[in-house]
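# Structural overview for review
Chain by chain, the residues:
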Amino acid sequence: MQRSMRRTLIGATAAAVGAGLFAAPAGAQELPVFSIPEPTGEYATGTTTLHLVDEDRADVWVPTEDRELMVTLWYPTGDDGPTAPYMSAEESALFGAQLQIPGGLLAQVETNSVQGAEPLADDGSLPLVVLSPGFSFPRATLTGLAEELASQGYAVAAVGHNYEAPITFPDRTTECITCTQDLDADTLVPNRAEDLSFVLDELTGDDAAWEDAGVIDASRVAVGGHSIGGASSHRALANDDRFDAGFNLDGTFFALDPSRVSDPFLMVGADPHGLPGEDKTWEKAWKKLCGWKQWITVDGTGHSAMTDSAPLAEQAGLNQDETDGFRSNDIARAYITAFVDEHLRGEDQPILDGPSAEWPEVQFHNP
């Protein structure tokens, strides 16, 4: 998580605690219950998780261990049933401690996807979107976007990068050990790009890790993420030609790959990522994009407005952005869905071409 964003969240949540918003006695049942906004597509959504181990790669943060990842998958389903937890109690406690909010709060967030449901899809019919969260953010913070895409007929895989956020594995929960160190982006970004390629290996290879992986169309794959997850997605797109399109949600392009990228790429930023902007890496990255590209910013939004942070903060009375958190959520879903529809399905999406009366907050830049 970028330092400015952490200060903002800590200040807001500390103020809320002081004001009594979370003043109920300890106990999960007495904390407020928030929810991820319902997806808008025609399909119900299912979800499952995978534990992946790359036995050919040592973990860069703990070299005595193989690189391990947790992945959450979402997809269309026709099943009904109990919805999946947002994150584990252990993840909620650790991430809550980072944000200085009650430890059980995020474990109670209600999602919309049926745990362990069967995919509703023919073999090879679902385009795939691979997601990477921001530094220190659990992968759960991209649940709303993932559910939206799944409801529109996509398979979605959000990657939990070990030791870069709290992550619950089948046998333990690991902490964000890198959060206590200076950010080593030159190590983190290439390593995450390798993580993303490894996940694609495991979902589309001959011996796929997911029993229902046959529904994925390996010829139509996008990669994107929030913050440093967006920078890592750009790196993966540059280095792995199996990815066909990419997007960055308000991420500084740390460790920018020197290669030119000919695949479609969408940059979606908060106010500081406009022109003239505070982050010069966006101009550098823009110059290396030689295919379809678009650079947009959303007025009145902050660093995490394109994640679940926006609607959850709105429900908690903690939204510090000028733009309503539910509106930010709608914008993120609309533009990312349009992007993958155009570049994975070949469906023309006019909202990607320029300003729209429906979304007046969205500004287009073309340096």
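What you see is a predicted model; the values in this text were computed from it and never measured. Along each chain, numbering runs from 1 in the same order as the chain's sequence is written. Whole-chain, interface and lining totals are the exception, using all residues; otherwise, since this is a predicted model, local features are given only for residues with pLDDT of at least 70 and side-chain atom pairs are given and counted only at 80 or more. The side-chain figures draw on all heavy atoms in the structure; neither hydrogens nor water molecules are used.

## Side note on the state of the cysteines
Rules: The rule for a disulfide is simple: a pair of cysteine sulfur atoms within 2.5 Å. Categorising residues by exposure relies on relative accessible area from a 1.4 Å probe, with only protein chains included: less than 20% of the type maximum marks a residue as buried, more than 50% marks it as exposed, and the intermediate range marks it as partly exposed.
One pass over the structure, following the stated rule, counts one disulfide. Disulfide partner of Cys 176: Cys 179, at an S-S distance of 1.9 Å. On the sign convention where negative means left-handed, the S-S torsion of about 80 degrees between Cys 176 and Cys 179 marks this disulfide as right-handed. We note that Cys 176, like Cys 179, is buried.

## A few points about the pairing of strand β5 (residues 126–132)
Within a regular beta strand, the side chains point alternately toward one face of the sheet and then the other, so they alternate between its two faces. Note the following rule: Numbering of helices and strands runs from the N terminus; a helix is a DSSP stretch of H or I covering at least four residues, while a strand is a stretch of E covering at least two. Whether two strands pair comes down to DSSP finding at least two bridges between them. For the handedness criterion, the strands are oriented away from the viewer, and a crossover whose path from the first strand over the helix to the second runs clockwise is classed as right-handed.
Taking burial as the measure, the seven residues of β5 include seven buried ones, the bulk of the element. Neither face of β5 is open: one carries Leu 126, Leu 128, Val 130 and Ser 132, the other Pro 127, Val 129 and Leu 131, and all of them are buried. Strand direction decides the pairing type here: β5 and strand β9 (residues 216–226), joined by six bridges, are parallel. In the strand pairing of β9, Leu 126 is matched with Ile 216. Inspection of the sheet shows β5 paired to strand β6 (residues 155–161) by four bridges, in the parallel sense. The residue of β6 that forms the bridge with Leu 131 is Ala 158. In the classification by handedness, the crossover that spans β5, the intervening helix α3 (residues 143–151) and the parallel β6 is right-handed.

## Quick notes on the nonpolar core
Put simply, the test is: Here, the term nonpolar core denotes a set of buried Ala, Val, Leu, Ile, Met, Phe, Trp, Tyr and Cys residues that are joined through side-chain atoms within 4.5 Å. Residue contacts are defined here by distance: any two heavy atoms, one from each residue, within 4.5 Å place the two residues in contact.
Leu 73, Leu 128, Val 130, Leu 203, Trp 210, Phe 243 and Met 267 are the most contacted members of the largest nonpolar core, which has 38 residues in total. Leaving out residues up to four positions away in the same chain, Leu 128 has contacts with Ala 155, Val 156, Ala 157, Leu 200, Leu 203, Ile 216, Arg 220, Val 221, Ala 222 and Leu 344. Core analysis: the next-biggest nonpolar cluster, separate from the first, contains 33 residues, Ala 146, Met 306, Tyr 335 and Val 340 among them.

## Observations concerning the sheet that holds strand β2 (residues 66–77)
Threshold: Fitting a line to C-alpha atoms yields each axis, with helices limited to the stretch in contact; the angle taken between N-to-C directions then spans 0 to 180 degrees.
Strand order in the open sheet formed by eleven strands is β3-β4-β1-β2-β6-β5-β9-β10-β11-β12-β13, and the pairing between neighbours is mixed. The open sheet has two edge strands with one neighbour each: β3 (83–85) and β13 (362–365). Averaged over all adjacent pairs, the angle separating strand axes in this sheet is 30 degrees, with direction ignored. In this sheet, strand β10 (residues 245–249) lies alongside β9 in parallel orientation, the contact comprising five bridges. Opposite Val 223, over in β10, you have Gly 246 as the bridge partner. The strands touched by helix α5 (residues 228–239) are β5, β9, β10 and β11 (265–269); relative to β9, the strand with the most contacts, the crossing angle is about 140 degrees. On top of the sheet, helix α8 (residues 325–344) reaches β5, β9, β10, β11, β12 (293–298) and β13; it is set at about 165 degrees to β10, its chief contact.

## Re unusual backbone geometry
Leu 275 connects to Pro 276 through a cis peptide bond whose omega is -5 degrees. With respect to the helices and strands, Pro 276 occurs in the loop between β11 and α6 (281–288). In this model, Gln 100 sits at a positive phi of 60 degrees, which is unusual for a non-glycine residue. Following the sequence through the fold, Gln 100 ends up in the loop between α2 (89–99) and β4 (110–115). Look at Ser 136: it is not a glycine, yet its phi comes out positive at around 80 degrees. Relative to the helices and strands, Ser 136 resides in the loop between β5 and α3.

## Details of the pattern of salt bridges
For clarity, the threshold we go by: Any carboxyl oxygen of Asp or Glu that lies within 4 Å of a side-chain nitrogen of Lys or Arg is treated as forming a salt bridge with it.
Here the structure, examined in full by the defined rule, presents 18 salt bridges. The partner of Glu 68 in a salt bridge is Arg 172, with the nearest N and O atoms 2.9 Å apart. One end of the pair, Glu 68, is in strand β2; the other, Arg 172, is in the loop between β7 (167–168) and β8 (173–174), with 104 residues separating them in the sequence. When its relative accessible area of 27% is taken as the criterion, Arg 172 is described as partly exposed. The residue Arg 220 makes a salt bridge to Asp 217 at a minimum N-O spacing of 2.7 Å.

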